[in-house]
Amino acid sequence: MNSLKKFRSSLYRLCSGDYSHQDVQTVVAAITHQARRFLFHREKKQYQYRGQWANGSTEINDIALDLIAHLFARDETGHFVELEKYFSETRELSDEDFKETVFQLLNSVIQQQSIRLFKERDPFGKAFYRSLRYLQNKHTHWMRTFVDGRLVFALDGENQQIMSPDTMVQVIKQSLEGQAPLTEQLEQVLSEVIDNRQQALSVEDLLSHMRVLAQLTLEGITPETSPAVDSFIYNIIEVHIKKTVEEIDQSILYRYEADGKLSPAERKGFRESIRPILTDHADGGCQDNYYTYLAECLDSLDDQETYKSAYRTQFEYIAKKAKSVFSAKVESALRIK
């Protein structure tokens, strides 16, 4: 932390309420810097925070500010009450002890916030680590340990060689054939590496390669394309697109037709529009507006004014409902929640 004395003085002025705009900037900059360091450290371990913005540097700054924002809450008198709560008892510490205490407090606060953000931004990583915890409890002879500073899974009491990344990729590809849930897929990989090949497995490498293979699979999804080589996630998504379309048709669209709100042809157009919406939704987001999706499947619809006056309310409700149902089904299948 650069200019510790300046930061410390500004911090105490914020706690007391007798501060300047420069004091606020000084403290925010120092704490944001610490949050960024924490995020970069986690990203090296294959936690995925960035990816929603085109500019990754700007995004990491925004994420860091999000992690520390609650520390800058003020009461009606202008006191930074959260900062005072965390740091008011550090006034008598030496600079060295103060620095250590601040780092510990900030890392604790930032870590708690990063767990929340990790769950929101990296559902695959969340599912991955949750599955590992379950499997370690199930297979008590699999031990989590550190080898050369790297977290690995290995046989309990054994000093095993870490499997090379190239070999791991081949094991993962073989284990990802089929439609088993993510936990079962991980169990197959770990069993092959630890029990059958008597090697250790790097957790970071495993997460990195499984994430890459999953993303490559998702990038190839369209109604016309064939499954990618590792077809597990592709198959899961295809199955649940079909199930979701059937569920929406038999529940909501059936009722709309029975009540005279849709003709048989309109019901068919609505139903056929759901599939491309869900396909795009699974591939990172809908690419067109809802009018375009419906117009491509409903021959009688040829202008946006008709869409707005006759179909918009019902169709956009259907689309949002379908995405919600589909997401819940996939999350359950991949053990994301």
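Anything mentioned here points back to the structure above.
Quick caveat, the model's predicted, so the values are computed rather than measured. Here, residues in each chain are numbered from 1, in the same order as that chain's written sequence. Per-residue local features of the predicted model are confined to residues with pLDDT of at least 70, and side-chain atom pairs are confined, for both listing and counting, to 80 or more; whole-chain, interface and lining totals are unaffected and use all residues. Think of the side-chain values as coming from all heavy atoms in the structure, minus any hydrogens and water.

Participant: Give me the pairing of strand 1 (residues 142-147): which residues, what numbers.
Facilitator: Between any two strands, pairing holds if DSSP finds at least two bridges. Think of it this way: any DSSP run of H or I at least four residues long counts as a helix, any run of E at least two long counts as a strand, and we number them from the N terminus. Where strand 1 lies against strand 2 (residues 150-155), six bridges are found, and the strand directions are antiparallel. Considered in strand 2, the bridge of Phe146 is made with Leu151. Between the end of strand 1 and the start of strand 2, which pair antiparallel, lie two residues, with Asp148 showing a positive phi angle near 55°.

Participant: Break down the packing of helix 1 (residues 4-16) against helix 2 (residues 21-44) for me, with residues and values.
Facilitator: Inter-axis angles, ranging from 0 to 180 degrees, are taken between N-to-C directions of lines fitted to C-alpha atoms, where helices are fitted over the stretch in contact. The contact between helix 1 and helix 2 brings their axes to 9 Å, and the two run at 115°. Between helix 1 and helix 2 the crossing geometry is left-handed. Contacts between helix 1 and helix 2 pair Lys6, Phe7, Ser10, Leu11, Arg13 and Leu14 from the former with Gln22, Asp23, Val24, Thr26, Val27, Ala30 and Ile31 from the latter. Three residue categories are used. Nonpolar comprises Ala, Val, Leu, Ile, Met, Phe, Trp, Tyr, Cys and Pro, charged comprises Asp, Glu, Lys and Arg, and polar comprises the others, including Gly. Tallied by class, residues from the contact of helix 1 with helix 2 come to seven nonpolar, three polar and three charged. Handedness of a crossing is defined here by the sense of rotation of the near helix relative to the far one, left-handed for an anticlockwise turn of less than a right angle and right-handed for a clockwise turn. The contact rule is simple, with two residues in contact once any of their heavy atoms fall within 4.5 Å.

Participant: Hey, could you go over the side chain of Ser10 for me, with residue numbers and the actual values?
Facilitator: Structurally, Ser10 is set in helix 1. For Ser10, a relative accessible area of 1% gives the class buried. In this structure the side chain of Ser10 is engaged in a polar contact, spanning 2.9 Å, whose partner is the side chain of Asp23. For Ser10, the residues in contact, after removing those within four places along its chain, are Asp23, Thr26 and Val27. Relative accessible area decides the class of each residue, using a 1.4 Å probe on protein chains only: under 20% of the type maximum gives buried, over 50% gives exposed, and in between gives partly exposed. N or O atoms closer than or at 3.5 Å make up a polar contact, with two conditions inside protein: a donor-capable atom paired with an acceptor-capable one, and, for residues adjacent in sequence, both atoms drawn from side chains.

Participant: Account for the pattern of salt bridges, naming residues and giving values.
Facilitator: Take a side-chain nitrogen of Lys or Arg and a carboxyl oxygen of Asp or Glu: if they are within 4 Å of each other, that pair is a salt bridge. In the structure shown here, the tally under the stated rule is ten salt bridges. One salt bridge in this structure joins Arg267 and Asp249, with 2.9 Å as the shortest N-O distance. Here Arg267, found in helix 11 (residues 264-282), pairs with Asp249, found in helix 10 (residues 232-258); they are 18 residues apart in sequence, far enough to count as distant. Taking the relative accessible area as the measure of exposure, Arg267 reaches 12% and is therefore buried. Judged by relative accessible area, Asp249 falls into the buried class, the value being 5%. When salt bridges that share partners are traced, they join Asp249, Glu257, Arg267 and Arg271 into one network.

Participant: So what about unusual backbone geometry? Which residues, and what values?
Facilitator: Within the chain, Gln198 stands out as a residue other than glycine whose phi angle is a positive 55°. Note that Gln198 resides in the loop between helix 8 (182-196) and strand 3 (201-202).

Participant: Provide a residue-level description of the sheet that holds strand 1, including the pertinent values.
Facilitator: The strands making up a sheet associate through backbone hydrogen bonding, with each pair oriented either parallel or antiparallel. Taken in spatial order, the three strands line up as 1-2-3 in an open sheet, and their pairing is antiparallel. Both edges of this open sheet fall to strand 1 and strand 3, since each of them pairs with a single strand only.

Participant: Describe the nonpolar core, naming the residues involved and giving the relevant values.
Facilitator: Residues belong to a common nonpolar core when they are buried Ala, Val, Leu, Ile, Met, Phe, Trp, Tyr or Cys residues joined through side-chain atoms within 4.5 Å. The biggest cluster of nonpolar side chains holds 55 residues, and the ones touching the most others in it are Phe7, Ile31, Phe72, Leu83, Phe128, Leu190 and Leu206. Take this core: its biggest share by element is seven residues, from helix 2. Excluding its chain neighbours within four sequence positions, the residues that come into contact with Phe128 are Leu182, Leu186, Val203, Leu206, Leu207 and Met210. Core analysis: the second largest hydrophobic core is formed by 28 residues, Ile241, Leu253, Tyr311 and Val325 among them.

Participant: Please give an account of the packing of helix 6 (residues 123-138) against helix 8 that cites residues and values.
Facilitator: One way to put it is that helix 6 packs onto helix 8 with a least axis distance of 9 Å and a crossing angle of 60°. As the angle between them shows, helix 6 and helix 8 are arranged oblique. The chirality of how helix 6 crosses helix 8 is right-handed. Contacts between helix 6 and helix 8 pair Phe124, Ala127, Phe128, Ser131, Leu132, Tyr134, Leu135 and Lys138 from the former with Leu182, Thr183, Leu186, Glu187 and Leu190 from the latter. Here roughly perpendicular refers to angles of 65 to 115 degrees, roughly parallel to angles under 35, roughly antiparallel to angles over 145, and oblique to all remaining angles.

These results come straight from atomic positions and should not be treated as a statement about function.
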